[in-house]
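# Residue-level structural notes
Residue strings, one per chain:
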Amino acid sequence: MKRFLKWVGIVFVTLIVIGFVSLKFIVWPKVDADMNPVTAHTPFNVSEKAKALHDELWVADLHSDNLLWRRNPRKRHDYGHVDLPRLQEGGVEFQIFSAVTKSPKGLNFEENDANAPDDITTLAQAQLWPLRTWDSIYERAAYQAQRLQKLERQGEVHIVRTSADMAKTDRLLGLLLTEGAHPLEGEIANIARLKAEGYRAMGLQHFFDNELGGSMHGKSQSGLTEFGRDAVLEMRAQGIIVDVAHSSRAVVRDVLELTKDPIFISHGGTIAHCPRTANRNLPDDILKQIAARGGIIGIGYFNGAICDISPVGIADAIIDAATLLGPDAVALGSDFDGTVTTSLDTSELAAITDALLRRGMNKESIRKVMGGNARRFFVENLPAE
């Protein structure tokens, strides 16, 4: 009997090991690759002039969901969009890492019920995140921040917490952003807890309406609630910068009325450039108000934000936004690893520089949109200490 139980135990442990190995080397990479594809393409033809200019640029990207995936960010991968080696290859100096904590099946831009099934719960369980994240939206944000903290301890990144951190140059600068304020879970006190974890920017909504107000993709299309007003004021009091990338028009108008501080859009585009993006992008008058007070808009690389996701299409969207809002108000906001299809990964950003040059944008404006505007914005708006 003892011998039988011993063999049962060996078989059980073996099955567990086989299951984990299958998850790590087969299931997780396949799901990641399927959800974050890059369209097949031959190497982009980047001119020597564009390569030389790109090498001089301080490149910044306002939005990546890389922390959502089990992929090891220290290793170069042939799937997905972002890891540390590819960021280095693309010349990226500053990357915003967003924490996705609640998201609907299908990522519907049209309308989502706040009580609809949440895909991040499934993803957290399937990727064997800590048990505390399975039923706590706050803990999902804390866990993703702790993944970046680990990279900081390993000497791979500097987490940007103050304006002075923007001057550091020996490694990648990473800033933490919540994609929507769902991790507050209706508690103002969670703003301070998230700040302690390293967050210095917070989106107000993602795909669902929440305690703060309406999402661009929610059912209510409402403005800020009383809690939402209190939350925005507390964010600003604590030096947290507000991102309105997925907020309803009414919410954004309320924020602009509530505070005179600059706000930003981490990933999006303009309806003027691509009219079919009206259910994903904010109207021109709101964008102009954001730009007029020193805010910036990150241009996304995905269908829904822009009409053409090729490097030339991204360049055209950037140029049109700069024409509409001024060259000081435009930045890169890829949404890499955000369950989107892109035409390039972060190692290939020189293709955008090349397309901007070919489309006639001057070098000074290219320096601004590729990273200079982002550097100025965060130096000016992050807390001093």
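Our structure's up above, just so we're on the same page.
Conventions we followed
Residues numbered from 1 in each chain as written. Predicted model: local features only at pLDDT ≥ 70, side-chain atom pairs only at ≥ 80, totals over all residues. Heavy atoms only, no water. Helix = DSSP H or I, 4+ residues; strand = E, 2+ residues; numbered from the N terminus. Rg over C-alpha atoms; globule rule 2.2 N^0.38 Å. Buried < 20%, exposed > 50% of the residue type's maximum accessible area, 1.4 Å probe, protein only. Contact = heavy atoms within 4.5 Å. Areas by Shrake-Rupley, 256 points an atom, 1.4 Å probe, with all protein chains shown as cover. Expected span 1.5 Å × (residues − 1). Disulfide = S-S within 2.5 Å. Arc of directions from axis to C-beta. Core = buried A, V, L, I, M, F, W, Y, C linked by side-chain atoms within 4.5 Å. Pairing = 2+ DSSP bridges. Right-handed = clockwise from strand over helix to strand, strands pointing away. 1 Å grid on protein atoms, 1.4 Å probe; cavity = no way out; pocket = protein on both sides within 12 Å on 5 of 7 lines; lining within 4 Å. Points joined across faces, edges and corners; volume = space filled by probe spheres on them. Nonpolar A, V, L, I, M, F, W, Y, C, P; charged D, E, K, R; others polar. Salt bridge = Lys/Arg side-chain N within 4 Å of Asp/Glu carboxyl O.

### A few points about the overall build of the protein chain
Along the backbone of the protein chain there are 12 helices and nine strands. Since a compact globule built from 385 residues should have a radius of gyration of about 21 Å, the 21 Å found for the protein chain is in line with a globular shape. Looking at the protein chain residue by residue over its 385 residues, the buried ones come to 57%. Across the protein chain, contacts joining residues at least 24 apart in sequence account for 73% of those joining residues at least 6 apart. When the accessible surface of the protein chain is totalled, it reaches about 15,800 Å², and 54% of it is carbon and sulfur.

### Topic: helix H5 (residues 137-153)
Over its 17 residues, H5 extends 25 Å from the first C-alpha to the last, a length consistent with the 24 Å expected when each residue adds 1.5 Å. H5 sits mainly inside the fold: 14 of its 17 residues count as buried. The positive-phi residue at the C-terminal boundary of H5 is Gly155, with phi of around 80 degrees.

### Some words on the state of the cysteines
For the structure on display, the rule yields one disulfide. The residue that forms a disulfide with Cys274 is Cys307, at a sulfur-sulfur distance of 1.7 Å. Since a negative S-S torsion denotes a left-handed disulfide, the Cys274-Cys307 link at about 80 degrees is right-handed. Placement of Cys274 in the loop between strand E7 (264-268) and helix H9 (284-292) and of Cys307 in the loop between strand E8 (296-299) and helix H10 (311-325) is noted, with a sequence separation of 33 residues between them. Here Cys274 falls in the buried class, since its relative accessible area comes to 0%. Look at Cys307 and you get partly exposed, because its relative accessible area is 33%.

### Some details on helix H2 (residues 48-56)
Every buried residue of H2 is listed here: Ala50, Leu53 and His54. Across the axial projection of H2, the buried residues extend over an arc of 100 degrees, all falling on one side. Exposed and oriented more than 90 degrees from the buried face of H2 are Glu48, Asp55 and Glu56. Contact partners of the buried residues in H2: strand E1 (59-64), helix H11 (350-358) and helix H12 (363-381).

### Quick look at unusual backbone geometry
A positive phi angle, near 50 degrees, is found at Glu185, a position not held by glycine. Residue position: Glu185 is located in the loop between strand E4 (172-178) and helix H6 (189-196). Exposure remark for Glu185: the relative accessible area of 34% places this residue in the partly exposed category. Within the chain, Gln221 stands out as a residue other than glycine whose phi angle is a positive 55 degrees. Inspection of the secondary structure assignment puts Gln221 in the loop between strand E5 (199-203) and helix H7 (226-237). Overall, Gln221 belongs to the partly exposed group, its relative accessible area being 38%.

### A few points about the nonpolar core
Residues Leu184, Leu204, Met235, Val244, Ile318, Ile352 and Leu356 are the most contacted members of the largest nonpolar core, which totals 76 residues. Per-element tally for this core: the top contributor is H10, with eight residues. When near neighbours in sequence (up to four residues on either side) are disregarded, Ile318 contacts Ile299, Val330, Leu332, Ile352, Leu356, Met361 and Val369. With 19 residues, the next largest nonpolar core counts Leu177, Phe264, Ile296 and Ala331 among its residues.

### Topic: the pairing of E5
With five of five residues buried, E5 is to be regarded as a mostly interior element. Pairing of E4 with E5 involves three bridges; the strand directions are parallel. The partner of Leu176 across the bridge, within E5, is Tyr199. As paired elements, E5 and strand E6 (residues 241-243) share three bridges and run parallel to each other. The residue of E6 that forms the bridge with Ala201 is Ile241. Running through H7, the crossover from E5 to the neighbouring parallel element E6 is right-handed.

### Description of the layout of surface pockets
Considering only enclosed or pocket space, the second largest pocket measures out at about 510 Å³ in volume. Lining the second largest pocket we find 32 residues, and of these Met35, Ser103, Leu107, Gly338 and Thr339 sit closest to its centre. A class-by-class count of the residues in the lining of the second largest pocket yields 16 nonpolar, 10 polar and six charged.

### Overview of the pattern of salt bridges
According to the stated counting rule, one finds 22 salt bridges in the structure shown. Here Asp32 ties to Arg71 by a salt bridge, and the two come within 2.7 Å at their closest N and O atoms. With Asp32 in helix H1 (residues 2-35) and Arg71 in the loop between E1 and helix H3 (84-89), this pair connects stretches of sequence that are 39 residues apart. The two residues Asp32 and Arg71 agree in class, both being buried. With a closest N to O distance of 3.5 Å, Glu380 and Arg376 form a salt bridge. Note that Glu380 and Arg376 are positioned in helix H12 at a spacing of four residues, about one turn of the helix. Its relative accessible area of 26% is what places Arg376 among the partly exposed residues. Counted as one network, the salt bridges with shared partners bring together Asp32, Arg71 and Asp337.

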